[in-house]
Amino acid sequence: MKFLSLRWSFATFFFCSLIILPILAIILHLPFIDINTLKHLSKNVLPRYIFGSAFILFGTLVLCLIIGLVSAYLIAFYKFFGSKFFEWFLILPLAIPSYVMGFVWIDLFEFQGLIPTLLGVDRRIDIMNAYGVIVILSFALYPYVYFFAKNTFAYGLGNIILSAKTLKASNLKTFFKVILPFCRVGIVGALLLVAMEVLSDYGLVAYFGVDTFSAGIFRTWGSGGDEVSAVALSVALLVFIALLMLLEKIQRGKKGFNQNVFLPTPKDELKGFKAFLAFLWCFLVAFLAFVVPIMWLVYWAGFDFMQNLSNVLTPAFYSLSVALVSSFAIVGVAFYLCFVVRLNDTKASKIILWLTTLGYSLPGAVVAVGILVILGALNYIFDLLSFEYAIGGGFLVLFFGYFVRFLASGVFATQSGYERISKNIDYANLTLKSKPFKIFTQIYFPLMKHYLALAVVIICVDILKELPISTILSPSGFQTLSSLVFAYSENELIYNVSLPSLIIVLFGIIPTFLMHYLQNKNNQKGQ
């Protein structure tokens, strides 16, 4: 099925080239790196960054898997006191940036902090190490595993569980031998999202002084001014990420299932001690990952509130303005790309759409380095100093970074909406010989408006939380909420962190509720 003329596809090629341009810039810059620099990096730097990144990645994946799966299992398979409340509340830690969560927990473990005081310890408890990073990243990222696993467990496994019970299999045996293998693809996909976030993290690992690729790239370029080494580290990280994506692709294969042919998962009611243990697990996870950070941020906000508010207003206005403009533009492009792919439905258009999602796998530091390499090349070619300021005061460069990094989020959200629209609408428009522009604006837009709104909110919050791109590519004199939070933390102005952090968290809660609501609504329709 191919509805559209070739001119509709030109724009898709253009947007695709924008996404892959920073990647190509980094890779093509590699031959110009001095061999001695490569030897130095491979001998003294790379082993440290590879080990640090791999150790934190492995530890975070294991802990996220445990927290996410246990929580999802309890919520999906059992009824107990508070289970309906915890079903949505356990998603909320996703709204808190990991670096903000790290600031809170460091203060709690400081000398004369809350934790040492409760334990009766007269010294600071050191959590500023790789183990502390793993625990905090797990608190911040386990909702990815929980959300995907819970929805997979809760809808569509009824027939499987009834068959297992008929064969007199225990609940534990049914879970490990039947349910987990059946849901493996979705769970591994969620773990891949966690892996991308771990490798992208800069704020937490930099503040904790842990060596990872993302922190190393930022430190090498920003503090040391060593462009060559930063590019080489970016290439190494790209290879690392490509291997992860290849492994996920291999394990996924062609596995899948039609959820509509299965019954909803039956829930058993827990009572007594078992119900208490289930409640205690969910309560502790929610308390440690969300309630404690929020309570501490609110406590901090009480110190010099009016002074902090005046300092935050301008960065908040700038951040929200750039985030809203960028998110609307990104979602508009994603809506257009998915429309072209749906109506053309060719292998080439699907490959192009896949290429536009590669930015999600790129850490913000790598995206920023790639864009700076491009700007350096343009300055050299056109002999224009500060070329980035000649094309919109630097804001266009900042938007380009957000576009590369978050277009994939817009595509994923838009595709989920398109998949729920019957193909018969396309065939009817083909029969009626409707103009593509009319189909785009008068048919699909009204049908997709809720999903587009959700995509705008999600991307807006992602931009507010983004740290490396905002810090490296922001024009002079411009400061986002995330970069303001990190600047305060570096200067040990820990109480000042609270207000901009709370603004980011409050905006982050909105798409969390929307995701939960839309997912439940879609699951109820599918039953």
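Everything numeric here is computed off the predicted structure, so don't read it as measured data.

Q: Explain the overall build of the protein chain residue by residue, including any values.
A: Along its length, the protein chain carries 22 helices and 2 strands. Per-residue burial over the protein chain gives 53% buried out of 527 residues. Across the protein chain, contacts joining residues at least 24 apart in sequence account for 85% of those joining residues at least 6 apart. Accessible surface, the protein chain: about 24,800 Å² in total, of which carbon and sulfur atoms supply 68%.

Q: Outline the packing of helix 4 (residues 98-108) against helix 13 (residues 272-301), supporting the account with residue identities and numerical values.
A: The packing of two helices is summarised by the inter-axis angle and the distance between the axes. At a closest axis distance of 10 Å, the pairing of helix 4 and helix 13 adopts a crossing angle of 75 degrees. Relative to helix 13, helix 4 is oriented roughly perpendicular. Residues V100, M101, F103, V104, W105, D107 and L108 of helix 4 lie in contact with helix 13, whose contacting residues are L288, A289, V292, P293, W296, L297 and W300. Looking at the contact of helix 4 with helix 13 residue by residue, the class counts come to 13 nonpolar, no polar and 1 charged.

Q: Quick rundown of the pattern of salt bridges? Include the residues and the values.
A: Inspection of every chain in the model, using the stated rule, returns 4 salt bridges. Note that R48 and D211 form a salt bridge whose closest N and O atoms lie 2.8 Å from each other. One end of the pair, R48, is in helix 2 (residues 35-77); the other, D211, is in the loop between helix 10 (203-208) and helix 11 (213-223), with 163 residues separating them in the sequence. For R48, a relative accessible area of 39% puts it in the partly exposed group. For E110, the salt bridge identified is with R124, shortest N-O distance 3.3 Å. Of this pair, E110 sits in the loop between helix 4 and helix 5 (114-119) while R124 sits in the loop between helix 5 and helix 6 (130-154), and the two are 14 residues apart along the sequence. A residue is classified by how much of its surface remains accessible, and E110, at 27% relative accessible area, is partly exposed. Linked through salt bridges whose partners overlap, the residues forming this network are E110, R124 and D126.

Q: Account for the packing of helix 4 against helix 21 (residues 481-490), naming residues and giving values.
A: It is the contact of helix 4 with helix 21, at a shortest axis distance of 11 Å, that shows an interaxial angle of 25 degrees. Comparing their axes, helix 21 and helix 4 come out roughly parallel. Regarding helix 4 and helix 21, the two cross each other, and that crossing is left-handed. Along its contact with helix 4, which presents Y99, V100 and F103, the element helix 21 presents S482, V485, F486 and S489. Split into classes, the residues belonging to the contact of helix 4 with helix 21 amount to 5 nonpolar, 2 polar and no charged.

Q: Tell me about the nonpolar core, and please be specific about residues and values.
A: Counting residues in hydrophobic clusters, the biggest one holds 174 residues, and the most contacted among them are I56, F80, L90, W105, F153, F208 and L407. Sorting elements by how many residues they give to this core places helix 14 (residues 305-344) first, with 16 residues. For I56, the contacting residues outside a window of four places in its chain are A130, V133, I134, L137, V198, V205, V210 and T212.

What counts, and where the lines are drawn
Residues numbered from 1 in each chain as written. Predicted model: local features only at pLDDT ≥ 70, side-chain atom pairs only at ≥ 80, totals over all residues. Heavy atoms only, no water. Helix = DSSP H or I, 4+ residues; strand = E, 2+ residues; numbered from the N terminus. Buried < 20%, exposed > 50% of the residue type's maximum accessible area, 1.4 Å probe, protein only. Contact = heavy atoms within 4.5 Å. Areas by Shrake-Rupley, 256 points an atom, 1.4 Å probe, with all protein chains shown as cover. Axes fitted to C-alpha atoms, helices over the stretch in contact; angles between N-to-C directions. Parallel < 35°, antiparallel > 145°, perpendicular 65-115°, else oblique. Nonpolar A, V, L, I, M, F, W, Y, C, P; charged D, E, K, R; others polar. Salt bridge = Lys/Arg side-chain N within 4 Å of Asp/Glu carboxyl O. Left-handed = near helix turned anticlockwise from the far one by under 90°. Core = buried A, V, L, I, M, F, W, Y, C linked by side-chain atoms within 4.5 Å.

By themselves these figures say nothing about function.
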